[in-house]
Structures are given as C-alpha cells and as structure tokens.
Amino acid sequence: TLADAAPDVLMLNTDGNAQYATAPYVEIKDEITMNGRITNRKLAWEVFKEYISELEKGQNSYKTIVVDLLNDTYEMCRLYMYDKLKITHESDDTFKAWDKVRTEYLSTIRRVINLPYENIILISHEDDTKDLTKKSGTFSSMKPKMQDKVSDAIAGMVGFVGRAYVDEGNYMLEIKSDEVVFGGGRAGMSNIVIPLKWDEIVKLFEIETKSK
C-alpha cells in the first residue's frame, strides 16, 4: 500500500498480491511454453533479469520501481543456480555454491538499485522466529526473511531500511538499527518513527537533506 502511493509505480510482483494495488505490475514467475509435446520452462529468476534488462533502457515513464517480494527473488535465484550448477542444495558444493548464489543474487540486486528511476523500493517479509535472550528478558529479532549475509549486503546498498508495523491500529514505519531491529542504509538515519505514508517519507528525506 505504501509503495502504491509513490509516483508512477511499476511493481515486479512475486506473490500475486499486486492485483490489490492500483499501480501497473508484472508477475515474476516461471514461464511455461509448449513446443509440440515438449514443455519448455523459463525459470522465474531469468524472467526477473529480463525485466531488469528492459528497465535499464529507461524507455518508459515510470518513476518508481518496486520489487515485491525481495525474499521471494532470493529463493528464485537459488533455484536458478541449483539448475545451473546441477545441485539440489548449496551444501552439495560446500566450498563454492553458497558464494556463487550470493554473487549472482547481489550483483543482480545492485543492478535493480542502480536503475535510472527516482525511487527503488524493495519489500521483504519479516522473520521474527529468532529469539534474543538478554538480562531484561527474551525478545524476537526483527529481520528480513533472508540469509543474514544477503540482508546485510543489501542494507549497505540502499538509502535506508524501514520496518513497517501496526501499533494500535496505526500503520507506522520505524527506521532503527540495533540488536533487536534490523536496519542500516547509506542515509545514516536511525531512531525515527513516522506514519507509514509516502508523503511522510518524502518529508523525512527533505529534513535529513537540509540538516546535512
């Protein structure tokens, strides 16, 4: 909903939920074609990269590109690399496969972030299944639902990482980085809570820019 309020949006959607937004979207999924009795399958990761290549040309009127969901694209990349490396899991090639998957994925996401558009929004589900134990009690660790090394690398590429949540019926965006809440970004913003609205994000960047 937040991304849908950004200017001139195109959504690259993986979970079928883009139909509930008003912005145009394309579905990122396996493409199956028939050639006689032969079934040909183009993996979702290949489809995703083809859209990126087309968007790199900048021959359209979009201002905002949204990847929804980012954690799905990572799994798509893994399956693509399994097929390419002829393995069933990264552990089949302990010394190389993990690195090859991350390299393929992060190099592609960097292309997304460098696309020639005003706004790039990456949306991930949250993983709150990992607990942290402190003297004051046990807390759920709020992190993107992705491998830690991948999340950390992407956090270093983007302007900021925000956590969307609901507080007593109010939709909020928290920009924070500590041992409980995952954060980061090049803008260096932290300890900020604002309503989950596009104009509030624009206002925040205007304030941050002036302060620097």
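This section reports on the structure supplied with the text. (Residues numbered from 1 in each chain as written. Predicted model: local features only at pLDDT ≥ 70, side-chain atom pairs only at ≥ 80, totals over all residues. Heavy atoms only, no water.)

Points about the overall build of the protein chain
- The secondary structure content of the protein chain amounts to five helices and 11 strands.
- Expected size for 212 residues packed as a compact globule is a radius of gyration near 17 Å; at 19 Å, the protein chain falls within 12% of this value.
- Counting the 212 residues in the protein chain, one finds 39% classified as buried.
- Across the protein chain, every contact between residues at least 6 apart in sequence was considered, and the portion connecting residues at least 24 apart equals 55%.
- For the protein chain, the accessible surface area stands at approximately 12,600 Å², while carbon and sulfur atoms represent 49% of it.
- Measuring between centres, the 28 positive side-chain charges of the protein chain sit 5 Å from its 35 negative side-chain charges. (Helix = DSSP H or I, 4+ residues; strand = E, 2+ residues; numbered from the N terminus. Rg over C-alpha atoms; globule rule 2.2 N^0.38 Å. Buried < 20%, exposed > 50% of the residue type's maximum accessible area, 1.4 Å probe, protein only. Contact = heavy atoms within 4.5 Å. Areas by Shrake-Rupley, 256 points an atom, 1.4 Å probe, with all protein chains shown as cover. Lys, Arg positive; Asp, Glu negative; His and termini not counted. Charge placed at Lys NZ, Arg CZ, Asp CG, Glu CD.)

Some points on the pattern of salt bridges
- Evaluated as defined, the whole model comprises 14 salt bridges.
- Among the salt bridges present, the one from Arg163 reaches Glu174, with a minimum N-O distance of 3.9 Å. A residue pair is termed long-range when its members are at least 10 positions apart, and Arg163 in strand S9 (residues 163-167) and Glu174 in strand S10 (residues 170-175) qualify at 11 residues. Assigned by exposure class, Arg163 and Glu174 land together as buried.
- One continuous salt-bridge network, built from bridges that share partners, spans Glu31, Lys42 and Glu50. (Salt bridge = Lys/Arg side-chain N within 4 Å of Asp/Glu carboxyl O.)

Notes on helix H3 (residues 97-113)
- In a regular helix each residue adds 1.5 Å, so 17 residues correspond to 24 Å; H3 covers 24 Å between its end C-alpha atoms and thus fits that length.
- Looking only at H3, the buried set comprises Ala97, Val101, Arg102, Glu104, Tyr105, Leu106, Thr108, Ile109, Val112 and Ile113.
- Contacts from the buried residues of H3 go to helix H1 (44-56), strand S5 (64-68), helix H2 (70-85), strand S6 (119-123) and helix H4 (148-155). (Expected span 1.5 Å × (residues − 1).)

Observations regarding the packing of H1 against H3
- Orientation of H1 relative to H3, taken along the N-to-C sense of each, is 30°, at an axis distance of 10 Å. What the angle tells us is that H1 and H3 run roughly parallel. The chirality of how H1 crosses H3 is left-handed. Of H3, the residues touching H1 (which contributes Trp45, Phe48, Lys49, Ile52, Ser53 and Glu56) are Glu104, Tyr105, Thr108, Ile109, Arg111 and Val112. (Axes fitted to C-alpha atoms, helices over the stretch in contact; angles between N-to-C directions. Parallel < 35°, antiparallel > 145°, perpendicular 65-115°, else oblique. Left-handed = near helix turned anticlockwise from the far one by under 90°.)

Quick word on the sheet that holds strand S1 (residues 9-13)
- Strand order in the open sheet formed by four strands is S2-S1-S5-S6, with parallel pairing between adjacent strands. The open sheet has two edge strands, strand S2 (25-27) and S6, and neither has a second partner. Between one strand axis and the next, the sheet turns through 15° on average, direction left out of account. (Pairing = 2+ DSSP bridges.)

Considering the side chain of Asp127
- By the secondary structure assignment, Asp127 is in strand S7 (residues 126-134).
- You can call Asp127 buried: its relative accessible area is 16%.
- Beyond its immediate sequence surroundings of up to four residues, Asp127 is in contact with Ser141, Met142, Lys143, Pro144 and Lys145.

Brief notes about the packing of H1 against H2
- For the pair H1 and H2, the least separation of the axes is 8 Å and the interaxial angle reads 115°. For the pair formed by H1 and H2, the contact residues are Ala44, Trp45, Glu46 and Phe48 on the first element and Thr73, Met76, Cys77 and Tyr80 on the second.
- Here the contact of H1 with H2 is built from residues that sort into six nonpolar, one polar and one charged. (Nonpolar A, V, L, I, M, F, W, Y, C, P; charged D, E, K, R; others polar.)

A closer look at the sheet that holds S9
- The three strands lie next to each other as S9-S10-S11, forming an open sheet whose pairing is antiparallel. The open sheet has two edge strands, S9 and strand S11 (192-195), and neither has a second partner. Neighbour to neighbour, the strand axes of the sheet diverge by 35° on average, direction disregarded.
- Inspection of the sheet shows S10 paired to S11 by four bridges, in the antiparallel sense. Note that in S11 the partner of Glu174 across the bridge is Val193.
- The sheet strands contacting helix H5 (residues 198-211) are S10 and S11, and the helix crosses S11 at an angle near 140°.

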